[in-house]
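Chain by chain, the residues run as shown.
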Amino acid sequence: MKAYVQRYGHDVVSGLEAIFTNKVKSFLTALGIIFGVAAVISMLAIGNGAQQEILEQIKMVGVNNIIVSPTETSIDQNQDESSADAAQISTKKFSKGLTLLDAQAIEQILPTVSKVSPVIDFNYSAILNGKSKPVVLEGVTNSYFELFEINLSFGELFTTEQSEDGFPVCIIGDNIRKVFFNQEDPIGQKIKCGQTWLKVVGVIERRDFTASASDEMGISSTDNKIFIPAKTMLLRFKNRSLIRADEVEEMISRRNQESGNSSSENLNQLDKIIIQVAETEQLSSTAEVVRRMMLRRHNGLYDFEVTIPELLLKQQQRTKKIFNIVLGVIAGISLIVGGIGIMNIMLASVMERIREIGVRQAIGASRKDIIVQFLSESTIISVSGGIIGIILGVVLSKTITAVFDIGTIVSAFSIIISFGVSVLVGVIFGYIPAKRAAEQDPVNSLRY
């Protein structure tokens, strides 16, 4: 064993000497492997970052959630009436829109539903001690915080009495705390929204929020929000289902000025209803039951939309996985191209070093010695290129994150795979030139 190591160790040393003798050519040979490995690592890092972002979005929309949101009123799509008949039917049908009663009915009637929370949004300015900040005032129930796995860093959730009787209490986001209560405890203090003073009972823990997350899926940052009980919103701020005579006249006047264009103002009491299903398997069926139930409660008018954000995100996740495979294949092709480059340059090197091969064979080197020497050269070049490529790939991934604000995650799997493939490329594509070198005839070689 020791004799084999000494003999073939000398061949490896000869290969190293040849590499250092031709540094520039060796570096150019390794470039294909360097860029190939860097491409594999950086592309897979982008894919992993996208996957992680989707997983975070799934976490933020909650597990097994269904969202019911208001839309433009339309007639039941299963009906086959002509446009004139449909217009006549629409005048006979009336829906109050999305209301608190809808949320209560879903929670009380459907056995597969575990939690329900109405959501009412309004834009206000929060004021305290001369400071003013635009905020989103959101009316919810305590279930909302459980649905989206929102934790409190200070204080507590609303009590039953506060929720049912519409007390002027609130839970504030982290940015609200920093603006108004940076150096003091906010619990028990009051902040003014509109004409109402709200007592702070809790502060939400800061959450990282990705810009690509969509409000349509129920994802939104909590840092600039003030949460109050839903009944507090309806009693003390605004209830869109209650319309005064002056508001009706104002609405008619506005519509006349718009020359028949439909108003974009939301007249629904609620902005959305968040529903959580007990079991994942019941998600789709519950969504269909909710749709039919809402259709009956709204007199056959499709003035609502039922969406399952988790399923939409999982579909995106499957698309991302396919995208990652495509990226990996493209990057893998670049590694193969790098291997072909090594083979071509090594074949050219064999032709340039015929005299060296002949001399070695003349002093007793066997074909195995020649194969080991040239194979070691290609392997060392590919291994060195793989190491440099790993460093370049990690740096490139960090650069992409810093410059383009795209999340990247460099995994150990991508490093191991890319490095392993680079070694295999060096061995496989280096064997043909090594075999060609070993097949040179000593007599004919020395003639050059």
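Residues numbered from 1 in each chain as written. Predicted model: local features only at pLDDT ≥ 70, side-chain atom pairs only at ≥ 80, totals over all residues. Heavy atoms only, no water.

A.B. asks: I'd love a proper account of the overall build of the chain, names of residues and values included.
C.D. replies: Across its full length, the chain carries 15 helices and 10 strands. Within the chain, the proportion of its 448 residues that are buried is 44%. (Helix = DSSP H or I, 4+ residues; strand = E, 2+ residues; numbered from the N terminus. Buried < 20%, exposed > 50% of the residue type's maximum accessible area, 1.4 Å probe, protein only.)

A.B. asks: Report on empty space enclosed by the protein, specifying residues and quantitative values.
C.D. replies: Evaluation of the coordinates by the stated rule reveals 2 cavities of 30 Å³ or more. Ala18, Ile19, Asn22, Lys25, Ser26, Thr29, Ile345, Met346, Ser349, Arg353, Glu377 and Ile381 together form the lining of the largest cavity. The set of elements that each furnish at least two residues to the lining of the largest cavity consists of α1 (2-21), α2 (23-61), α11 (309-352) and α13 (367-404). In the lining of the largest cavity, the residues fall into 5 nonpolar, 4 polar and 3 charged. (1 Å grid on protein atoms, 1.4 Å probe; cavity = no way out; pocket = protein on both sides within 12 Å on 5 of 7 lines; lining within 4 Å. Points joined across faces, edges and corners; volume = space filled by probe spheres on them. Nonpolar A, V, L, I, M, F, W, Y, C, P; charged D, E, K, R; others polar.)

A.B. asks: Got a sec to walk through the packing of aromatic side chains? Specific residues and values, please.
C.D. replies: Applying the stated criterion across every chain yields a total of 8 aromatic pairs. When the centroid spacing of 5.9 Å and the interplanar angle of 85° are considered together, the rings of Tyr144 and Phe145 count as edge-to-face. Linked through ring pairs, Tyr144, Phe145, Phe148, Phe158 and Phe227 together constitute an aromatic cluster. (Phe/Tyr/Trp six-rings, centres within 6.5 Å; stacked < 30°, edge-to-face > 60°.)

A.B. asks: Summarise the environment of Asn268; cite the residues concerned and give the values.
C.D. replies: Relative to the elements of secondary structure, Asn268 occurs in the loop between α9 (245-257) and β9 (272-277). Assessed through its relative accessible area of 11%, Asn268 is described here as buried. Separated by 172 residues in the primary sequence, Asn268 and Lys96 have C-alpha atoms spaced 7.3 Å apart. Apart from residues no more than four positions distant in its own chain, Asn268 is found in contact with Pro70, Gly97, Leu98 and Arg240. A distance of 2.7 Å separates a polar atom in the side chain of Asn268 from the backbone nitrogen of Leu98. (Contact = heavy atoms within 4.5 Å. Polar contact = N/O pair within 3.5 Å; in protein donor to acceptor, adjacent residues only side chain to side chain.)

A.B. asks: Break down the nonpolar core for me, with residues and values.
C.D. replies: One finds Ile106, Ile191, Leu198, Ile226 and Ile275 to be the most contacted residues of the largest nonpolar core, which totals 45 residues. Of all hydrophobic cores here, the second largest spans 27 residues; its members include Ala30, Ile33, Ile357 and Ala438. (Core = buried A, V, L, I, M, F, W, Y, C linked by side-chain atoms within 4.5 Å.)

A.B. asks: Please provide a residue-by-residue account of α13, values included.
C.D. replies: Here α13 contains 38 residues, and its C-alpha end-to-end distance of 53 Å stays within 8% of the 56 Å for a straight helix at 1.5 Å per residue. One or two positions beyond α13, positive phi appears at Asp405, with a value near 55°. (Expected span 1.5 Å × (residues − 1).)

A.B. asks: Run through the pattern of salt bridges, naming residues and quoting values.
C.D. replies: Per the counting criterion, the structure on display carries 11 salt bridges. Among the ionic pairs, Glu146 bridges to Lys115, the shortest N-O distance being 3.7 Å. Separated by 31 residues along the polypeptide, Glu146 in helix α5 (residues 142-147) and Lys115 in strand β2 (residues 113-128) bring together distant segments of the chain. Lys115 sits in the partly exposed class, given a relative accessible area of 22%. A salt bridge links Asp174 to Arg206; its shortest N-O distance comes to 3.2 Å. Taken together, the residues span a long stretch of sequence, with Asp174 in helix α7 (residues 174-180) and Arg206 in the loop between β7 (196-204) and β8 (225-229) at a distance of 32 residues. On the basis of relative accessibility, which here comes to 42%, the residue Arg206 falls in the partly exposed class. Residues joined by salt bridges that share partners form a network here, namely Asp174, Arg177, Lys178, Arg206 and Asp223. (Salt bridge = Lys/Arg side-chain N within 4 Å of Asp/Glu carboxyl O.)

A.B. asks: Give a description of the packing of helix α12 (residues 354-362) against α13 that names residues and reports values.
C.D. replies: Helix packing for two helices is described by the angle between their axes and how far apart those axes are. Interhelical geometry of α12 versus α13 gives an angle of 140° and a closest axis separation of 10 Å. As summarised for this structure, α12 and α13 are arranged oblique, according to the angle between their axes. Crossing handedness for the pair α12 and α13: right-handed. On α13, the residues touching Glu356, Ile357, Arg360 and Gln361 of α12 are Asp369, Ile370, Gln373 and Phe374. (Axes fitted to C-alpha atoms, helices over the stretch in contact; angles between N-to-C directions. Parallel < 35°, antiparallel > 145°, perpendicular 65-115°, else oblique. Left-handed = near helix turned anticlockwise from the far one by under 90°.)

A.B. asks: Which residues make up unusual backbone geometry, and what values go with them?
C.D. replies: Positive phi is not limited to glycine here, since Asn299 has a value of about 60°. Locating Asn299 in the fold gives a position in the loop between α10 (283-297) and β10 (304-307).

A.B. asks: Go over the side chain of Ser422 with me, naming the residues and quoting the values.
C.D. replies: As for its placement among the helices and strands, Ser422 is situated in helix α14 (residues 412-438). For Ser422, a relative accessible area of 0% puts it in the buried group. Side-chain polar atoms of Ser422 contact the backbone oxygen of Phe419, separated by 2.5 Å. The residues contacting Ser422, other than those within four sequence positions of it, are Ile33, Val37, Ser382 and Gly386.

A.B. asks: Tell me about a nonpolar patch on the surface, and name the residues and values.
C.D. replies: A grouping of Ile325, Val329, Ile333 and Val337 is seen on the molecular surface, where their side chains present a nonpolar patch of about 380 Å² in accessible area. Since its relative accessible area comes to 47%, Ile333 is described here as partly exposed. (Patch = residues over 30% accessible without salt bridge, like charges linked within 9 Å, V, L, I, M, F, W, Y side chains within 5 Å. Areas by Shrake-Rupley, 256 points an atom, 1.4 Å probe, with all protein chains shown as cover.)

A.B. asks: If you had to explain the packing of α13 against α14 to someone new, which residues and values would you point to?
C.D. replies: Here α13 crosses α14 at 150°, and the two axes come no closer than 7 Å. Taken together, α13 and α14 sit at an angle that is classed as roughly antiparallel. Between α13 and α14 lies a crossing whose hand is right-handed. Across the interface between the two elements, Arg367, Ile370, Ile371, Phe374, Leu375, Ser378, Thr379, Ser382, Val383, Gly386, Ile387 and Ile390 from α13 touch Ile415, Phe419, Ser422, Val423, Gly426, Val427, Gly430, Tyr431, Ala434, Lys435, Ala437 and Ala438 from α14. Considered class by class, the residues forming the contact of α13 with α14 number 15 nonpolar, 7 polar and 2 charged.

A.B. asks: I'd like to hear about the state of the cysteines, residue by residue, with values.
C.D. replies: Using the criterion set out here, one finds 0 disulfides in the structure. No disulfide involves Cys170; its sulfur sits 7.0 Å from the nearest other cysteine sulfur, which is in Cys193. (Disulfide = S-S within 2.5 Å.)

A.B. asks: Can you lay out the confidence of the model for the chain for me, pointing to particular residues and giving the numbers?
C.D. replies: With 79% of its residues at a pLDDT of 70 or more, the chain shows a mean pLDDT of 81. When pLDDT is averaged over each helix and strand of the chain, the minimum, 47, is found for helix α3 (residues 83-92) and the maximum, 96, for strand β5 (residues 169-172). Here residues 86-91 is a poorly scored stretch, pLDDT under 50, and it has 5 contacts once near neighbours within four places are set aside; other chains count. Contacts from residues 259-263, a stretch scored under 50 in pLDDT, to residues over four places away or in other chains number 3 contacts. (pLDDT = per-residue confidence, 0-100.)

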